[in-house]
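# Descriptive analysis of the structure
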Amino acid sequence: MKSARNKNVRNIAIIAHVDHGKTTLVDFMLRQSGTFRVNQAVDERVMDSMDLERERGITIASKNCSIEWKGVKINIIDTPGHSDFGGEVERGLKMVDGAILLVDASEGPLPQTRFVLKKALEARLKIVVLINKIDRKDARPQEVIDAIYSLFIDLDADDAQIEFPILYAIGREGIAQKKLNEKGKDLSPLFETILEEIPPPSYHPQEPFQMLVTNLSYSDYVGRLAIGRVFNGSAKISDNLVCIGKDQTPRPLRVSSLQVYEGIRLQEAEKVEPGDIIILSGIEEVEIGDTICTLESPKALKRITVDEPTISMKFMINTSPFSGRDGKIVQSRKIIERLQKETLHNVALRVEMGEGSESFVVKGRGEFQMAILVETMRREGFELAIGRPQVITKEKNGVQLEPIEHLFIDCHEEFIGIITEKLALRQGRMINMVNHGSGRVRLEFSIPSRGLIGYRSQFLTDTRGMGLMNSYLLGYEPYRGDVRARTSGALVCDRQGTSVAYALFHLEPRGTLFVAPGVPVYEGMIVGEHNRENDLDVNPTKEKKLSNMRAAGKDENIILSPVLPITLERAIEFIKDDEQIEVTPKNIRLRKNILQANLR
């Protein structure tokens, strides 16, 4: 059957490592294509719609928008640059015919670039390379281009894929240029390259309507929304269609509304054509990966497949003495409902029942993805407890296999020794070391995923905050042996009360404290990290005894060391298997699984 192409549409994804300037570039693409009015007030990084994305300056969920250039509609998908959100990337790449690979002119292609590019090459997408931030003082565009060619060869790109066009850009000024030495004025060279190089979406004219659902949303007015790309045929409002799910049984639906992206907003559409990225409503039961097609000839498209989860984490109801003080939602039924709702939107997550009715196991790509999920729930008013992340192992021919990460580290030369020593204890093996002669080195290790749990905070301390660390999943290998977890014990509170400066001052020599004076504490709560390997029961509520000779505050003016507030990521890295984190909208507390000291 001969295929045709819809010349009026181009579908592209923007792929890059975290912080290489994807979202800023999309801002300028929207502005320069006339999407916003001349005097319209527009936020910076307009595509970062979640509060967490704005705070952290990263993309977490892939998002769509569109621009118009010379009568052609360009649909743009902004994908996350972090492999923990790989499920988002795989979904986004299903909708497009090409991708813009954005690379920093100084840092070059980094590990997450490799991860996303591998997915794009597997999907046979046409790649346009854009070297961004060429105005940096330490920009080295020529070397970076060589590194990109090496990366393509390394990822087994074929001859057609390796013949990619190269553009240079200053994203924050909205400038793109075809040659390095000529000064660009705007992004028109980029728009022209997209129209010339990215193939228009192809379709079979004789085939009936087929749409692949790649994302879900919800509207209070029209209910469940299915977002995806039309592969064949066309559809109108009030058409009677069917949705084919995992079980291959067609479920009837009637189209109540059709919308397409106009800029960052949604616009009602009477009819949709092949290649369009659309939002369809009129169906309640739909999952990511389903096909929506005609009633007369129901034919399913290939479902979206995502990489297997590598990490699992236990979610439980909060059983501490302070449960119910901060959060509005504490019941296990509400927690499991919320987790199941998350799996509808996030194809890379799986939820299973744990031991008993009040604990659940969530499986995903990495601890960072879990931390974002817990932080989102916490902001919605949930109160819950979470356990330490566990690595998911496999068994093949009677051999236990575990996930292995390819770890990249960029640091000063002086820290090579301490990093190598710490990673060796965690079963890491060095496989490469590159010294550019600039004082900084790039190290590469292969290391079990469990060896990285809890290492990030140590790494930042060891490199004085100047090291960069990234990793992606390499594959599965036989179990490498035990990894030493945290070597220090915990300072555990032995009674309920409120912490007192006098008691904390006398506990400071014992270790690092997590609580300041005036904080409510309970038995079994962890109030600090012990200097030694064992746990120590302490009393942070002890007040100074008064005598008839002295007043309470006379002897010493107590000055305590400042306490670094516990963040969710730091807590996840810190805890051992017999500990858990109590998460409420206002507080993050560390505690022992068994609170009573005599039972422990």
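Please read all numbers here as calculations on a predicted model, not as lab measurements. (Residues numbered from 1 in each chain as written. Predicted model: local features only at pLDDT ≥ 70, side-chain atom pairs only at ≥ 80, totals over all residues. Heavy atoms only, no water.)

### As for the overall build of the protein chain
Each helix and strand in the protein chain was counted, giving 14 helices and 37 strands. By sequence separation, contacts in the protein chain at least 24 residues apart represent 71% of the contacts at least 6 residues apart. Approximately 27,600 Å² of the protein chain is accessible, and the part contributed by carbon and sulfur atoms is 48%. (Helix = DSSP H or I, 4+ residues; strand = E, 2+ residues; numbered from the N terminus. Contact = heavy atoms within 4.5 Å. Areas by Shrake-Rupley, 256 points an atom, 1.4 Å probe, with all protein chains shown as cover.)

### Description of the pairing of strand β11 (residues 223-232)
Each regular strand displays side chains that alternate between the two surfaces of the sheet. Burial of β11 is extensive: 9 of the 10 residues sit out of reach of the surface. Summarising the sheet, β11 and strand β18 (residues 277-281) pair through 5 bridges and their orientation is antiparallel. Its bridge partner lying in β18, isoleucine 227 is registered against isoleucine 279. (Buried < 20%, exposed > 50% of the residue type's maximum accessible area, 1.4 Å probe, protein only. Pairing = 2+ DSSP bridges.)

### Thoughts on the environment of glutamine 267
Note on placement: glutamine 267 falls in strand β16 (residues 265-268). We classify glutamine 267 as partly exposed; its relative accessible area is 42%. C-alpha separation for the pair glutamine 267 and isoleucine 279, spaced 12 residues apart in sequence, amounts to 9.6 Å. What glutamine 267 contacts, discounting residues up to four positions off in sequence, is Leu258, Gln259, Val260 and Glu262.

### Quick look at unusual backbone geometry
Located in the positive-phi region is arginine 124, a residue other than glycine, with phi close to 60°. Residue arginine 124 is classed as exposed on the basis of its relative accessible area of 55%. Of note in this structure, glutamine 248 is not a glycine but carries a positive phi near 70°. Looking at the secondary structure, you find glutamine 248 in the loop between β13 (240-244) and β14 (250-254).

### Brief notes about the packing of aromatic side chains
Per the counting criterion, the structure on display carries 6 aromatic pairs. A ring pair is formed by tyrosine 149 and phenylalanine 164, whose centres lie 4.8 Å apart and whose planes are at 25°; its orientation type is stacked. Here the residue tyrosine 149 occupies a position in helix α5 (residues 141-154), and phenylalanine 164 occupies one in the loop between α6 (159-162) and β7 (166-170), the gap between them amounting to 15 residues. Since its relative accessible area comes to 31%, tyrosine 149 is described here as partly exposed. With a centroid separation of 5.0 Å and an interplanar angle of 85°, the aromatic rings of phenylalanine 322 and tyrosine 522 are classed as edge-to-face. Of this pair, phenylalanine 322 sits in the loop between β20 (311-316) and α8 (332-345) while tyrosine 522 sits in the loop between β33 (520-521) and β34 (525-530), placing them 200 residues apart in sequence. (Phe/Tyr/Trp six-rings, centres within 6.5 Å; stacked < 30°, edge-to-face > 60°.)

### Some points on the sheet that holds β14
Working definition: the strands of a sheet are paired by backbone hydrogen bonds and lie parallel or antiparallel to each other. In space, the 8 strands of this open sheet follow the order β14-β13-β19-β10-β11-β18-β15-β16, with antiparallel pairing throughout. Two strands lie at the open edges of the sheet, namely β14 and β16, each paired on one side alone. Pairwise comparison of adjacent strand axes, ignoring direction, gives a mean angle of 40° for this sheet. (Axes fitted to C-alpha atoms, helices over the stretch in contact; angles between N-to-C directions.)

### Let's talk about the nonpolar core
Ranked by size, the top nonpolar core spans 38 residues in total, and within it Leu101, Leu117, Ile127, Ile131, Ile148 and Phe152 carry the most contacts. Put simply, the parts of the chain that give this core at least two residues each are β2 (9-16), β5 (98-104), α4 (111-122), β6 (126-132), α5, β7, β11 and β18. Contact partners of isoleucine 148, with chain neighbours within four places excluded, come to Leu101, Val103, Pro109, Val129, Ile131 and Phe164. (Core = buried A, V, L, I, M, F, W, Y, C linked by side-chain atoms within 4.5 Å.)

### Considering the pairing of strand β30 (residues 490-493)
Judged by which residues are buried, β30 turns out to be covered on both faces: Ala490 and Val492 on one side and Leu491 and Cys493 on the other are all buried. Across 3 bridges, β30 lies against strand β35 (residues 536-538) in parallel orientation. If you follow leucine 491 over to β35, its bridge partner there is leucine 536.

### As for the confidence of the model for the protein chain
Predicted confidence across the protein chain gives a mean pLDDT of 81, with 89% of residues reaching 70 or more. Taken together, the stretch residues 36-50 has pLDDT below 50 and engages in 39 contacts with residues farther than four places along the chain or on a different chain. (pLDDT = per-residue confidence, 0-100.)

### Looking at α8
Here α8 is 14 residues long and its end C-alpha atoms lie 21 Å apart, about the 20 Å a rise of 1.5 Å per residue gives. Within α8, the full set of buried residues consists of Ser332, Ile335, Ile336, Arg338, Leu339 and Glu342. Down the axis of α8, the sector holding all buried residues measures 160°, keeping them to one side. Packing partners of the buried residues in α8 comprise β20, β21 (350-353), β22 (359-364), α9 (367-379) and β23 (384-386). (Expected span 1.5 Å × (residues − 1). Arc of directions from axis to C-beta.)

### Quick look at the packing of α8 against α9
A pair of packed helices is captured by two measures, namely the crossing angle of their axes and the spacing between those axes. Viewed as axis vectors pointing N to C, α8 and α9 meet at an angle of 125°, and their least axial separation amounts to 12 Å. The angle between α8 and α9 places the two elements in the oblique class. α9 is crossed by α8, and the crossing has right-handed handedness. Where α8 abuts α9, its residues Ile335, Arg338, Leu339 and Glu342 lie against Leu373, Thr376 and Met377. The class makeup of the residues in the contact of α8 with α9 is 4 nonpolar, 1 polar and 2 charged. (Parallel < 35°, antiparallel > 145°, perpendicular 65-115°, else oblique. Left-handed = near helix turned anticlockwise from the far one by under 90°. Nonpolar A, V, L, I, M, F, W, Y, C, P; charged D, E, K, R; others polar.)

### Comments concerning the side chain of asparagine 6
Within the element layout of this structure, asparagine 6 appears in the loop between β1 (4-5) and β2. Contact partners of asparagine 6, with chain neighbours within four places excluded, come to Pro200, Pro201, Tyr203, Glu273 and Pro274.

### Some points on the pattern of salt bridges
By the definition in use, this model includes 32 salt bridges. Where aspartate 104 meets arginine 136, a salt bridge forms, and the shortest distance between an N and an O atom there is 3.0 Å. Of this pair, aspartate 104 sits in strand β5 while arginine 136 sits in the loop between β6 and α5; the two residues are 32 residues apart in sequence, bridging distant segments of the chain. Between arginine 338 and glutamate 342 there is a salt bridge, and its shortest N-O distance comes to 3.0 Å. Placement of the pair is arginine 338 and glutamate 342 together in helix α8, with a separation of 4 residues, close to one helical turn. For arginine 338, a relative accessible area of 9% translates into the label buried. Connected through salt bridges with shared partners, the residues Asp104, Glu107, Lys133 and Arg136 form a single ionic network. (Salt bridge = Lys/Arg side-chain N within 4 Å of Asp/Glu carboxyl O.)

### Looking at the environment of leucine 130
Locating leucine 130 in the fold gives a position in strand β6. Residues leucine 130 and valine 103 lie 27 residues apart in sequence; the distance between their C-alpha atoms is 6.3 Å. In this structure leucine 130 touches Leu25, Ile100, Leu101, Leu102, Val103, Leu167, Tyr168, Ala169 and Leu190, once residues within four positions along its chain are discounted.

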